[in-house]
Structures are given as structure tokens and as C-alpha cells.
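Fold and geometry: a report
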Amino acid sequence: MSADGVIRILTMDTQGKILNSNRITIPNVDLRDPKLTVTPDGQLLLIAFARHVSAQKTMTETRNLTWLSQTGHSWSTAQEFADRGWWLWRVRWYNNLAYGFGYNKKQNALHFYSGNPRRSFHRHQPFALSLQKHQKGYPNESDLIFDQNKAYALVRRDADSYSAQLGLSSYPFKKWEWLDLGEYVGGPTMAKLDENTALVAGRIVNQGQLVTGILKLNLSNGKLQELLILPSAGDNSYPGLLLKKDTLFVSYYSSHEDNKSCIYLANINIHLLLSNNIVR
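If you're wondering where the values come from, they're calculated on a predicted model, not measured in any experiment. (Residues numbered from 1 in each chain as written. Predicted model: local features only at pLDDT ≥ 70, side-chain atom pairs only at ≥ 80, totals over all residues. Heavy atoms only, no water.)

Quick look at the overall build of the protein chain now. When you go through the protein chain residue by residue, the secondary structure sums to 2 helices and 22 strands. Over its C-alpha atoms, taken along the principal directions, the protein chain stretches across nearly 50 × 45 × 40 Å. Taking all contacts inside the protein chain whose residues are at least 6 apart in sequence as the whole, residues at least 24 apart take part in 40%. Here the protein chain has roughly 14,200 Å² of accessible surface; of this, 47% comes from carbon and sulfur atoms. (Helix = DSSP H or I, 4+ residues; strand = E, 2+ residues; numbered from the N terminus. Contact = heavy atoms within 4.5 Å. Areas by Shrake-Rupley, 256 points an atom, 1.4 Å probe, with all protein chains shown as cover.)

Burial of strand β12 (residues 139-147) is extensive: 9 of the 9 residues sit out of reach of the surface. Where β12 meets strand β13 (residues 150-157), 7 bridges bridge the pair, whose relative direction is antiparallel. Residue pairing in the sheet places aspartate 147 in a bridge with lysine 150 of β13. Counted between consecutive antiparallel strands, the loop separating β12 from β13 contains 2 residues, among which glutamine 148 sits at a positive phi close to 55°. (Buried < 20%, exposed > 50% of the residue type's maximum accessible area, 1.4 Å probe, protein only. Pairing = 2+ DSSP bridges.)

When the charged atoms of two side chains with opposite charge come close together, those side chains can pair. Evaluation of the coordinates by the stated rule reveals 13 salt bridges. The residue arginine 84 makes a salt bridge to glutamate 80 at a minimum N-O spacing of 2.7 Å. Take arginine 84: its relative accessible area is 48%, and that puts it in the partly exposed class. Note that glutamate 141 is salt-bridged to arginine 156, the shortest N-O span being 2.8 Å. (Salt bridge = Lys/Arg side-chain N within 4 Å of Asp/Glu carboxyl O.)

Here the focus is the side chain of serine 54. Take serine 54: it is sitting in the loop between β4 (44-53) and β5 (59-69). Residue serine 54 is classed as buried on the basis of its relative accessible area of 18%.

Next comes the structure, spelled out in C-alpha cells:
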């Protein structure tokens, strides 16, 4: 946890060759965990968490910020959205609206938000998952996928059993039901395969070690099946997934080479992955 994080945005080809690079910085602000989505009108939306830091390197306040771009090479000025003090981890789009969960460690809870992050983005369902209501401690990082009028959420937890939660809600997404997956998944992200199945990537426990894994998730019963452990060790995970035709692109970071944190891009044949024929 640094006090001077900056955002670097890379334009790459599918082999990972960097074609363009941008930096976004704000003085005395630690910018963390940026994420990209494409808006309904075809623009790139960037979100990040901003920790304001004093001259003594102590945190004074936190905000959620957004930027817009049409090309990915130049970006708008930052604009605040959602609640201060709640970390809006990720947004996903459904029917021209963005949705996402924000978490607060002291509150041991998630709020569910909706709207347009550049205009009006407010609590859609307060305390959608919390220690007080659900007896599940410290829910935090999350992802969402939508299928017709249903929303599925995958949520990391860092208390009691540390087990991830699978959430299900039907439109208008005001009431959530939660299923305990029985396994830890850190920095989770998902990509929908079909009506009943999703790919999951994140930090998991494998033979007593924290590694970055790709799993298959049954959305009906919450069963997780390990498909592949990516080269990873030490400080690692926070993957991104993009499924394009027969190829799954996975970005993630790891410190398994010389104990230095590096960013990796994996290019995986989806049919080999699902058939468990990947050479490890």
C-alpha cells in the first residue's frame, strides 16, 4: 500500500506488444486499482480509487473517480462518483445503466450502486451483503455478470471463513440471495460462458500457496472447478478476463520471477482450457 500510486494505461496488440502508453497522476493522491469498461455509446470509461495523502503520508480521505476517452490515448478530467469512504470496486453495464458494489471495511458491508458514473450514480440497494444482515464478515472486491433479467455477483471476503460468496438477484436487483462457495477467491473477475456457467479468475489457495487461478463456476449451485494455475507466486493476482472468439486473454500480476512484481498477459485457447488439456 503506497502513498503515490499512478495509473498507467497501455494500448497493446493481442501478443502484448505495447503500442501506446499514458499516465494519469494527481498530486498528493494515491490512485489505485483502475478498471476499464466500454459505455453504451462506445466510449472508454476508467474508474479508480483515490486515497488523498497528507504531507505526513497519512490518508485524509478517499474518493471514487472516473475518466472518459474516445481513443484511449487522451482522457477527460477526473470526476467523482458514488459515496466517499466506500470503495467502488468495479462497474458492469446492463440496459444502458452501470452497476457495481462498493465496500467499507469498518461497516463490514457492501452497497449496491447503479446509474451513470459520469452523471448520477447512487445507492441502489444499501447493505446488499453485510456482517450485520448476513453474518458474513468483511465482503469487499467483487464482479458482476448479467444474463437476461438476472444478475450474478462474486464477492471476496477477508474475515471468519474467508469464503467467497455468489450472489443472485433478479431485475430490478433490489433483493440479493447469497450462496457460500466454501473457497477463498481474491480479486475476483468473471466472464460468462453460457446461461449456467462462468469463468472465474482470481487469487486462490493451491497446495497451501496463494496463486492466480482460472476456474469454472456453476451459477446454479456454486460449484467451482479448477481449470488452470497460471505461473504465479508471492504477491499476485488481480486478473482481467477477455473472451474473444476462441481465445481467452488474461492479464494479471505476480512476483514469482526474482521476487519482482510484473504484469503478465496470458493467451489461452478456450477449448483446450475447458477440456483440461492445457500444458501446465
